[in-house]
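Per-entry structural report
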Amino acid sequence: MSKNQTKYIFVFGGVLSGLGKGIVASSLGYLLKSLNLNITIQKLDPYLNVDPGTMNPFQHGEVFVLDDGSETDLDLGHYERFIDVDLSRENTTSSGRVYWDVLKRERKGDYLGETIQVIPHITDEIKRRIIKVNKRKKFDVVITEVGGTVGDIEGQPFYEAIRQLILEQGKENCLVIHTTLLPFINAAGEVKTKPTQHSVMRLREIGLEPDMLVCRTEDDNHLNSKIKKKLGLFCNVLPEHVFESPDVETIYEIPIVLYKQKFDSAIINTLKIKLKQNHQNILEIRQVIQSYVDVGKIYLGGIPMIADDMMTFIKNDIIVFGLGVFLFIVATLWYVFRRLIWIIVPISSCFFFSYNNDRTSRYLRLESYRYIIKFYSFNVNINNGYEYSY
């Protein structure tokens, strides 16, 4: 493939976040690299943080630090592991970084007094960053993942910049992949396509049209030809360009899942990429997957357990242990309380009746002494006008 015919593939997400856009982009990079193509991947995040370094990991995931010290999104770690390359700060950006750089140049006077606007200044900066990742023209394919969900207000400049870039680079050199969710409604007993249809409608409203759909499915509710035809009709894509990304035991199975559906072949044919060779032992990844699964298994009583299941098992044990400790402490306190109450009351009675020296008080005081001594199993004779033997 000629160096000046760089192909651009854009991966978007719809319906909701967390569908696995990064895994789809990484798996595509793996499949294309297996065809001996030079690949790079970048991530565009619409949030206004300059980088994820100060973001809450419980909300956004762990920070992945690159070799050049850049604090980046977790997906950059997936990219490096799947395509086996070292990425740099040029492979990631955010709205915060884009606005930051544009405003710094405005303060220096680089725009010569122009009115700074989202179009063209922000969109031009986004396009510059997409192209900059391949400034030396050494990559055959540039895969760009846009974070967030189509329709988010902070992501609009990115989609607009990509729309402009597709026109500039030529539609024959660009391809849009849209990942969506196909929820299964138990009450209806069927997979619903309406969320995907509306997500594609939002994408088309801003001037972009998906070339392929990757639908996230759950459990055993897989795609079939009927659903593919329906999605193709309402989303204006070819039914054979509708693919499935099901739930799997490990994310490293996704390249094989997509390969079996001829996902990479459809992209190669659409972009008219000329290949020098076929896949380089693509199925060997099965052995790698099995090794990951085996490493993650723990055998309990001869039964294999995945590490996640084992953690759940351990957590349950900790809860049961904690409950047992709590009950033991309660039982101990109750036992001590019962022992103390029967000694505190008589002693208090002794002090109470000691202020009176009449016959009744002496009798009750001696009865209290008797109970205390009997309680502790002492053998004592008390003779204060009355004799008591114990």
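Criteria and cut-off values
- Residues numbered from 1 in each chain as written.
- Predicted model: local features only at pLDDT ≥ 70, side-chain atom pairs only at ≥ 80, totals over all residues.
- Heavy atoms only, no water.
- Helix = DSSP H or I, 4+ residues; strand = E, 2+ residues; numbered from the N terminus.
- Contact = heavy atoms within 4.5 Å.
- Areas by Shrake-Rupley, 256 points an atom, 1.4 Å probe, with all protein chains shown as cover.
- pLDDT = per-residue confidence, 0-100.
- Core = buried A, V, L, I, M, F, W, Y, C linked by side-chain atoms within 4.5 Å.
- Buried < 20%, exposed > 50% of the residue type's maximum accessible area, 1.4 Å probe, protein only.
- Expected span 1.5 Å × (residues − 1).
- Pairing = 2+ DSSP bridges.
- Axes fitted to C-alpha atoms, helices over the stretch in contact; angles between N-to-C directions.
- Salt bridge = Lys/Arg side-chain N within 4 Å of Asp/Glu carboxyl O.
- Patch = residues over 30% accessible without salt bridge, like charges linked within 9 Å, V, L, I, M, F, W, Y side chains within 5 Å.

It is worth spelling out the overall build of the chain at this point. What the chain contains, in helices and strands, is 13 helices and 15 strands. When contacts within the chain are restricted to residue pairs at least 6 apart in sequence, those whose partners lie at least 24 apart make up 69%. Within the structure as shown, the chain displays about 22300 Å² of accessible surface, and the carbon and sulfur contribution to it stands at 56%.

A few words on the confidence of the model for the chain. In this model, the chain carries a mean pLDDT of 83, and residues with pLDDT of at least 70 account for 79%. Per-residue pLDDT stays below 50 along residues 377–390; that stretch engages in 22 contacts with residues further than four places along the chain or on separate chains.

Bringing the nonpolar core into the picture now. By size, the foremost hydrophobic cluster in this structure holds 38 residues, and its most contacted members are Ile9, Leu32, Ile143, Ile177, Phe263 and Ile267. Looking at which element gives the most residues to this core, the answer is helix 1 (residues 21–34), with six residues. Not counting the four nearest positions on each side in its chain, Ile9 is found in contact with Leu28, Leu32, Val141, Val142, Ile143, Thr144, Leu175, Ile177, Ile267 and Leu271.

A rise of 1.5 Å per residue sets the reference length of helix 5 (residues 118–132), with its 15 residues, at 21 Å; its end C-alpha atoms lie 20 Å apart and thus fit the reference within 8%. Buried residues of helix 5: His121, Ile122, Thr123, Glu125, Ile126, Lys127, Arg129 and Ile130, and no others. Those residues of helix 5 hidden inside the fold are in contact with strand 1 (7–13), strand 2 (39–45), strand 5 (92–94), helix 4 (95–108), strand 6 (141–146) and helix 6 (156–169).

A few words now on the environment of Val85. Within the element layout of this structure, Val85 appears in the loop between helix 3 (75–83) and strand 5. Considered as a pair, Val85 and Ile39 are 46 residues apart in the sequence and their alpha carbons are 9.1 Å apart. Leaving out residues up to four positions away in the same chain, Val85 has contacts with Lys33 and Glu80.

So, on to the sheet that holds strand 7 (residues 174–181). With parallel pairing, seven strands are arranged side by side in an open sheet as 5-2-6-1-7-10-11. Edge strands, defined here as strands with exactly one partner in the open sheet, are strand 5 and strand 11 (242–245). Adjacent strand axes in the sheet meet at a mean angle of 20 degrees when their direction is disregarded. Pairing of strand 7 with strand 10 (residues 212–216) involves five bridges; the strand directions are parallel. Note that in strand 10 the partner of Thr179 across the bridge is Val214.

The next subject is unusual backbone geometry. Most peptide bonds are trans, and most residues other than glycine sit at a negative phi. In this structure, the amide linkage connecting Ile119 to the following residue, Pro120, adopts the cis form with an omega of 15 degrees. Positive phi is not limited to glycine here, since Asn236 has a value of about 60 degrees. Structurally, Asn236 is set in the loop between helix 8 (225–235) and strand 11. The backbone phi angle of Lys272 is positive, close to 55 degrees, even though this residue is not glycine. Inspection of the secondary structure puts Lys272 in the loop between helix 10 (263–271) and helix 11 (285–295). Taking the relative accessible area as the measure of exposure, Lys272 reaches 67% and is therefore exposed.

Here the focus is the pattern of salt bridges. Tallied over the entire structure, the rule returns 18 salt bridges. Among the ionic pairs, Asp101 bridges to Arg129, the shortest N-O distance being 2.1 Å. You can see Asp101 sitting in helix 4 and its partner Arg129 sitting in helix 5, a full 28 residues away along the chain. Asp101 gets classed as buried once you look at its relative accessible area, which sits at 13%. Of the charged contacts, one joins Glu125 and Arg105 as a salt bridge, the two residues approaching to 2.6 Å between their closest N and O atoms. Pair noted here: Glu125 is in helix 5 and Arg105 is in helix 4, with a separation of 20 residues, a long-range link.

There is a patch of nonpolar side chains on the surface, built from Phe321, Val325, Phe328, Ile329 and Leu333 and spanning about 540 Å² of accessible area. Along the polypeptide, Leu333 turns up in helix 12 (residues 307–353). In this structure Leu333 comes out as exposed when scored by relative accessible area, which is 56%.

The next point concerns the pairing of strand 6. Counted residue by residue, strand 6 has six buried out of six residues, so it is predominantly covered. Alternating positions in strand 6 separate into two faces, Val141, Ile143 and Glu145 on one and Val142, Thr144 and Val146 on the other, with burial throughout. Both strand 1 and strand 6 contribute to a ladder of five bridges, which runs parallel. Across the sheet, Lys7 pairs through a bridge with Val141, a residue of strand 6. Pairing geometry for strand 2 and strand 6, over six bridges, is parallel. By the bridge assignment for strand 6, Lys43 is matched with Glu145.

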